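Fold and geometry: a report
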Amino acid sequence: MINKTAAIIAAAGAGNRLGAELPKALVKLVDKTLVEHAVTNLAPIAQLIIVTAPAGFVEEYKKLLGDAVEVIEGGVLRSESIRIALSKIPNQYEYVLVHDAARALASTTLAATVIAQLINGEQAVIPALDVIDTIKEVDSKGYVRNTPDRSTLRSVQTPQGFTRSVLERAHAASSDATDDAALVEAIGVAVKVIAGEERALKITTKSDLATATQILLPTSTKQIRVGIGIDAHAFGSDKSKKLLLAGLIWDEVALEGHSDGDVAAHAICDALLSAANLGDLGENFGVADEKYAGASGSKLLSETLTKIKAAGFEIENVAVQIVGNKPKISVRRAEAIAALSKALAGARVSVSATSTDGLGFTGEGKGLSAIATALIVSA
Ligand SMILES: Nc1ccn([C@@H]2O[C@H](COP(=O)(O)OP(=O)(O)OP(=O)(O)O)[C@@H](O)[C@H]2O)c(=O)n1
Ligand SMILES: C[C@](O)(CO)[C@H](O)COP(=O)(O)O
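Here is a short report on the structure shown in this document. (Residues numbered from 1 in each chain as written. Chains lettered and ligands numbered in written order. Predicted model: local features only at pLDDT ≥ 70, side-chain atom pairs only at ≥ 80, totals over all residues. Heavy atoms only, no water.)

Another aspect to go through is the overall build of the protein chain. Scanning the protein chain from N- to C-terminus turns up twelve helices and 18 strands. What you see for the protein chain is a C-alpha radius of gyration of 22 Å, in line with the 21 Å of a compact globule of 379 residues. In terms of overall dimensions, the protein chain has C-alpha extents of about 70 × 45 × 40 Å along its principal axes. Expressed as a percentage of the 379 residues in the protein chain, the buried residues total 49%. Taking all contacts inside the protein chain whose residues are at least 6 apart in sequence as the whole, residues at least 24 apart take part in 70%. Carbon and sulfur atoms make up 51% of the accessible area of the protein chain, which amounts to about 17900 Å² in all. Put simply, the protein chain has 38 plus and 43 minus side-chain charges, and the middle of one group is 3 Å from the middle of the other. (Helix = DSSP H or I, 4+ residues; strand = E, 2+ residues; numbered from the N terminus. Rg over C-alpha atoms; globule rule 2.2 N^0.38 Å. Buried < 20%, exposed > 50% of the residue type's maximum accessible area, 1.4 Å probe, protein only. Contact = heavy atoms within 4.5 Å. Areas by Shrake-Rupley, 256 points an atom, 1.4 Å probe, with all protein chains shown as cover. Lys, Arg positive; Asp, Glu negative; His and termini not counted. Charge placed at Lys NZ, Arg CZ, Asp CG, Glu CD.)

Glancing now at the nonpolar core. General note: in soluble globular proteins, nonpolar side chains tend to be found buried as a group. Counting 78 residues, the largest nonpolar core has Val51 and Leu344 as the members making the most contacts within it. Summarising the domain contributions, this core has at least three residues from each of domain 1 (2-216) and domain 2 (224-378). When near neighbours in sequence (up to four residues on either side) are disregarded, leucine 344 contacts Ile268, Leu272, Leu301, Leu305, Ile315, Val318 and Val349. Membership of the second largest hydrophobic core comes to 24 residues, among which are Leu48, Ile72, Ala177 and Val184. (Core = buried A, V, L, I, M, F, W, Y, C linked by side-chain atoms within 4.5 Å. Domains from an automatic or database assignment.)

Attention shifts here to the pairing of strand S7 (residues 124-130). Buried residues dominate S7, accounting for five of its seven residues. Here S7 runs beside strand S11 (residues 160-163); their pairing, made up of two bridges, is antiparallel. Bridge assignment links alanine 124 to a residue of S11, and that residue is phenylalanine 162. Of the strand pairs in this sheet, S7 and strand S12 (residues 192-195) are connected by four bridges, and their pairing is parallel. Bridge pairing in S12 places isoleucine 126 opposite valine 193. Pairing analysis gives three bridges linking S7 to strand S10 (residues 154-156), with the strands arranged antiparallel. When the sheet's bridge partners are listed, leucine 129 is paired in S10 with serine 155. (Pairing = 2+ DSSP bridges.)

On to the site of ligand 2. Looking at ligand 2, the residues that line it are Arg17, Arg78, Asp100, Arg103, Val156, Thr158, Thr178, Asp179 and Lys202. A distance of 2.8 Å is found between an oxygen atom of ligand 2 and a side-chain nitrogen or oxygen belonging to arginine 103. Contacts to ligand 2 include lysine 202, whose side-chain N or O atom sits 3.0 Å from an oxygen atom. Here ligand 2, which alone exposes 350 Å², has 76% of that area covered by the protein. Per-class residue counts for the shell around ligand 2 are one nonpolar, two polar and six charged. (Near = heavy atom within 4 Å. Polar contact = N/O pair within 3.5 Å; in protein donor to acceptor, adjacent residues only side chain to side chain. Nonpolar A, V, L, I, M, F, W, Y, C, P; charged D, E, K, R; others polar.)

Right, let's talk about the site of ligand 1 for a bit. Within the structure, ligand 1 sits among 19 residues, and Ala10, Asn16, Arg17, Lys24 and Ser81 are positioned closest to it. Between ligand 1 and the protein, one listed contact pairs an oxygen atom with a backbone N or O atom of alanine 10 at 2.7 Å. A distance of 2.8 Å separates a nitrogen atom of ligand 1 from a polar backbone atom of glycine 75.

Moving on: a nonpolar patch on the surface. A contiguous nonpolar patch, built from Ile228, Ile230 and Ile371 and spanning about 280 Å² of accessible area, is present on the exposed surface. When you line up the elements, isoleucine 228 lands in strand S13 (residues 224-234). (Patch = residues over 30% accessible without salt bridge, like charges linked within 9 Å, V, L, I, M, F, W, Y side chains within 5 Å. Salt bridge = Lys/Arg side-chain N within 4 Å of Asp/Glu carboxyl O.)

Residues of helix H5 (residues 164-173) that are buried: Arg164, Val166, Leu167, Ala170 and His171. In an axial view of H5, the angular spread of the buried residues amounts to 165°, which keeps them on one side of the axis. The outward face of H5, more than 90 degrees from its buried face, is lined by the exposed residues Ala172 and Ala173. Looking at the buried side of H5, the elements it contacts are helix H3 (78-86), strand S6 (95-100), S11 and helix H6 (180-186). (Arc of directions from axis to C-beta.)

We now examine the side chain of threonine 109. For threonine 109, the location among the structural elements is in helix H4 (residues 108-119). The residues contacting threonine 109, other than those within four sequence positions of it, are Ile337, Ser341, Gly346, Ala347, Arg348 and Val349.

This is how it looks when you write it as structure tokens:
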């Protein structure tokens, strides 16, 4: 299960349309370069990251990005850059994310959702947004040929995810296309489309850079609130009941609790409720209310989100750390992020874990706990 996901970050373009003096990936967006943003956002999901650099810039990229990523020289075309990077990925990697440094702000959650779909059996997964404008097909003389039905069109983003074997076959079969999914479509493999993100815009022009800056910088008029939440449950004695944790079913004994005992989901609910000053889990979904007996962590998360929204807030991000000896969280981190984020309508979620060196009830293997923080902003 380990070392399953590799990511290719295409960063070998010149960025002519942006008109910077440097390759576009080296242009700064608030606190770091575009390529650094892209690496930061994929690092929690990918065990290997290969970045393509323009000829003459490999050493500069290496210095900037450090040892955590591999930098190679890209090709003249984007698809050539991807093909070169793909050939460098060792065999043990089952899934490949192909991403543009130009889509520097695509979130970790989006990447995790793509990977979760691959783990679920899809072979090719791409994020996309609905098309807002009416699109015309135009002939070479500048006259409209036809107007495609907008409801069937999508504006496609990255990271795009593929099983490694499908991506290799697709690149071996055709040489060029503006995205990797097109190569996969050409070999007859179904490509699943999932919801993309406004923040995953491709930074192509100066105005895109301004939009991305706007997305990153908190607006001073907004109210920002932080919250904290903790939950703990003991493992139950019924060996036939499976553990529910971070919105997933695990091959371990279930935790005891009035609801499903999902400590990660509950800690996040508490963190969100505390950020909005709406009390705590017990007050909102108490044991006195039969409605919540056995309720899933996902249900509590989505009901918490409704309360946060009603109080006039949106989620900026939540972070949860699970404390315990097992299960091993890192091997299913992407799935856990995707499941928790889905329950929170796409919010940015990060999931980490730690053991406690054999100390306390978690160290003794008697149960699990989780601690979460949440940042919310006024809508
Ligand atoms: N030979 C190439 C060309 C492009 N890219 C990467 O592919 C992504 C998408 O391309 P685009 O945004 O069009 O970037 P540029 O080609 O750099 O832009 P321009 O066309 O304005 O020069 C970018 O992150 C770019 O660095 C690449 O790795 N190798
Ligand atoms: C892959 C891509 O980001 C999907 O929208 C896009 O096609 C890459 O940009 P380019 O300008 O086509 O190189």
